[in-house]
Amino acid sequence: MQIDIIAYTEAQFAALTDEQIQEVRSAQAKKNALFRALQKAIEREKYRFTENGTFISKLWELKTQELTAEYESEVEALREELLFYLRYSGKPTSPAPYPMDYSLSDLERYDVVRTYYTNTYTDPIERFSVFAEDVHARAYLGEHYALMYDSFRLDAEDATSA
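Keep in mind that this is a model prediction, so the values were computed, not measured.

Reading the values: the criteria
- Residues numbered from 1 in each chain as written.
- Predicted model: local features only at pLDDT ≥ 70, side-chain atom pairs only at ≥ 80, totals over all residues.
- Heavy atoms only, no water.
- Salt bridge = Lys/Arg side-chain N within 4 Å of Asp/Glu carboxyl O.
- Helix = DSSP H or I, 4+ residues; strand = E, 2+ residues; numbered from the N terminus.
- Buried < 20%, exposed > 50% of the residue type's maximum accessible area, 1.4 Å probe, protein only.
- Polar contact = N/O pair within 3.5 Å; in protein donor to acceptor, adjacent residues only side chain to side chain.
- Phe/Tyr/Trp six-rings, centres within 6.5 Å; stacked < 30°, edge-to-face > 60°.
- Axes fitted to C-alpha atoms, helices over the stretch in contact; angles between N-to-C directions.
- Parallel < 35°, antiparallel > 145°, perpendicular 65-115°, else oblique.
- Left-handed = near helix turned anticlockwise from the far one by under 90°.
- Contact = heavy atoms within 4.5 Å.
- Nonpolar A, V, L, I, M, F, W, Y, C, P; charged D, E, K, R; others polar.
- Expected span 1.5 Å × (residues − 1).

**Student:** When you look at the pattern of salt bridges in this model, what are you seeing that I'm missing?
**Tutor:** A side chain of one charge can pair with a side chain of the opposite charge when the charged atoms of the two come close. This structure, assessed with the given rule, holds eleven salt bridges. Residue E66 pairs with K63 through a salt bridge whose shortest N-O separation is 3.5 Å. Remark: K63 and E66 occur in helix α3 (residues 58-89); sequence separation between them is three residues, near one turn of the helix. Between D106 and R87 there is a salt bridge; the shortest N-O distance is 2.7 Å. Of this pair, D106 sits in helix α4 (residues 106-120) while R87 sits in helix α3, and the two are 19 residues apart along the sequence. Exposure remark for D106: the relative accessible area of 30% places this residue in the partly exposed category. Linked through salt bridges whose partners overlap, the residues forming this network are E76, R79, E80 and E143.

**Student:** Please explain the side chain of Q20 as it appears in this structure.
**Tutor:** Summarising the element assignment, Q20 is placed in helix α2 (residues 18-52). We classify Q20 as buried; its relative accessible area is 4%. Looking at Q20, its side chain comes within polar contact range of the side chain of S89, at 2.9 Å.

**Student:** Sorry if this is basic, but what is going on with the packing of aromatic side chains here?
**Tutor:** Given two aromatic rings, one states the distance between the centres and the angle between the planes to describe the pair. One pass over the full model with this rule turns up 15 aromatic pairs. Between Y117 and Y121 the ring centres are 5.8 Å apart and the planes differ by 25 degrees, which places this aromatic pair in the stacked class. Its relative accessible area of 2% is what places Y117 among the buried residues. Judged by relative accessible area, which is 14%, Y121 ranks as buried.

**Student:** Whenever I open this one, the packing of α4 against helix α7 (residues 145-161) confuses me. Can you help?
**Tutor:** The geometry of a pair of packed helices is captured by two quantities: the angle between their axes and the separation between those axes. Close contact between α4 and α7 brings their axes to 11 Å; oriented N to C, the two are set at 25 degrees. The angle between the axes of α4 and α7 places the two elements in the roughly parallel class. With respect to the hand of their crossing, α4 and α7 are arranged in right-handed fashion. Residues Y110, V113, R114, Y117 and T118 of α4 lie in contact with α7, whose contacting residues are L147, M148, S151, F152 and D155. Its residues assigned to classes, the contact of α4 with α7 shows six nonpolar, two polar and two charged.

**Student:** It is not clear to me how α3 should be interpreted in this structure. Could you clarify?
**Tutor:** One turn of an α-helix holds 3.6 residues; hence residues three or four places apart share an orientation. Given a rise of 1.5 Å per residue, 32 residues ought to cover 46 Å, and the 46 Å separating the end C-alpha atoms of α3 matches this to within 8%. Listing the buried residues of α3 in full gives W60, K63, T64, L67, Y71, V75, L78, R79, L82, L83, L86 and R87. Along its buried surface, α3 packs onto α2 and α4.

**Student:** What am I meant to see in the environment of F152 here?
**Tutor:** Looking at the element boundaries, F152 is found in helix α7. Owing to a relative accessible area of 1%, F152 belongs among the buried residues under this scheme. Excluding its chain neighbours within four sequence positions, the residues that come into contact with F152 are R114, Y117, T118, P124, R127, F128 and F131.

**Student:** What is the right way to read the packing of α2 against α3 from this model?
**Tutor:** For the pair α2 and α3, interaxial distance at closest approach is 10 Å and the crossing angle is 175 degrees. By the criterion of interaxial angle, the relationship of α2 to α3 is roughly antiparallel. Here the contact of α2 with α3 is composed, by residue class, of 17 nonpolar, four polar and eight charged.

All we've got here are geometric facts, nothing functional implied.
The structure is reproduced here in structure tokens:
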């Protein structure tokens, strides 16, 4: 099963518990079912519009946009529910080197962790190395972990090539 409901790295998936993995698989299965339902609904509407002689009209395009928007809305709600579950079920028991406030928005969490690492580790290679081993950041940053990981990795690569 391909997991595309959330954008987690392999390291983040590896750190999930069996229960968390089951929730991810369940959410992915629901997303896949919603997609199949969307395809069937579009086919039904296509047949209906063809039978009515209005398939080439602007109405068909509007109907497919409406069905697709409904699908995307349902998937986003499913995704947010899954991210909420993962965020609060994955709290580490040991203390992190930076303050972990789960009431902060994703962007604020990202800023807290990024600020900590950029202020604490001036050497980009060391920063990336320490960040890559940070189990707290994987859970705390959620989908934004990969973005910071890539940013620090690129900084480290630039420093080694300079």
